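Fold and contact review
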Amino acid sequence: MRPEDMAAKVRASFESYVTEDRARIEALLHPDFTFTSPYDDHIDRATYFERCWLNAGTFEKLDLIEVQPAGAGCFVFYEGRSRAGNAFRNTEYFTFEDGRIRSVEVFFGLAPGTTPAKPEQRRG
């Protein structure tokens, strides 16, 4: 997959969260998609939608600071703010298979001077 195509799919996945466009994210995700974060260990696609999609539409902003294809995957560093006012910054690593997002691994962090978000205010 071309680096610019990976970056476009990553950007589209974030846009789908902001706009609550589930059909769009479903089209982007591979049928065997897995999601890993400090709270989730390689959960499958169905569990991802049960646990994580509930956060769609709860963000005031998700600013993609850096989207960097790297080998067969793509890193994204972003800052966000929930509508409740909680700020955060994360890095995620996306892998791809058959032109779709095969996996996402999330590394959570906080913006300087902020406190952790409540579980219902996290992206994943």
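Look up: the structure comes first, before these words.
Residues numbered from 1 in each chain as written. Predicted model: local features only at pLDDT ≥ 70, side-chain atom pairs only at ≥ 80, totals over all residues. Heavy atoms only, no water.

1. What about the overall build of the protein chain?
Helices and strands together make up the secondary structure of the protein chain, namely three helices and six strands. Reading the protein chain from its N terminus to its C terminus gives the helix and strand order α-α-β-β-α-β-β-β-β. In the protein chain, which comprises 124 residues, the share counted as buried stands at 42%. Of the roughly 6400 Å² of accessible surface on the protein chain, a fraction of 50% belongs to carbon and sulfur atoms. (Helix = DSSP H or I, 4+ residues; strand = E, 2+ residues; numbered from the N terminus. Buried < 20%, exposed > 50% of the residue type's maximum accessible area, 1.4 Å probe, protein only. Areas by Shrake-Rupley, 256 points an atom, 1.4 Å probe, with all protein chains shown as cover.)

2. Some remarks on the pairing of strand 2 (residues 40-44)
Relative to strand 2, strand 1 (residues 29-37) is paired through three bridges, and the arrangement is antiparallel. The partner of Thr34 across the bridge, within strand 2, is Asp44. Counting the residues that bridge the hairpin from strand 1 to strand 2 gives two residues. (Pairing = 2+ DSSP bridges.)

3. So, helix 1 (residues 3-19)
Its 17 residues give helix 1 an end-to-end C-alpha distance of 25 Å, which sits within 8% of 24 Å, the value for a rise of 1.5 Å per residue. Taken together, the buried positions of helix 1 are occupied by Met6, Ala7, Val10, Ala12, Ser13, Phe14, Ser16 and Tyr17. (Expected span 1.5 Å × (residues − 1).)

4. What to know about the nonpolar core
Judged by nonpolar contacts, the single largest core of 29 residues is most densely connected at Val10, Tyr17, Phe35, Tyr48, Phe94 and Ile101. The set of elements that each furnish at least two residues to this core consists of helix 1, helix 2 (22-28), strand 1, helix 3 (45-51), strand 3 (59-70), strand 4 (73-82), strand 5 (87-97) and strand 6 (100-109). In terms of residue count, helix 1 provides more of this core than any other element does, six residues in total. (Core = buried A, V, L, I, M, F, W, Y, C linked by side-chain atoms within 4.5 Å.)

5. Concerning the packing of aromatic side chains
One pass over the structure, following the stated rule, counts 12 aromatic pairs. Between Phe33 and Tyr48, the ring centres sit 5.0 Å apart and the planes meet at 70°, which makes this aromatic pair edge-to-face. Taken as a pair, Phe33 in strand 1 and Tyr48 in helix 3 lie far apart in primary sequence, 15 residues in all. Across the pair, Tyr48 and Phe33 agree in class, each one buried. Taken together, the ring pairs in this structure connect Phe14, Tyr17, Phe33, Phe35, Tyr48, Phe49, Trp53, Phe59, Tyr78, Phe88 and Phe94 into an aromatic cluster. The ring centre of Phe49 lies 4.1 Å from the NZ or CZ of Arg22, which sits over that ring. (Phe/Tyr/Trp six-rings, centres within 6.5 Å; stacked < 30°, edge-to-face > 60°. Lys NZ or Arg CZ within 6 Å of the ring centre and 35° of its normal.)

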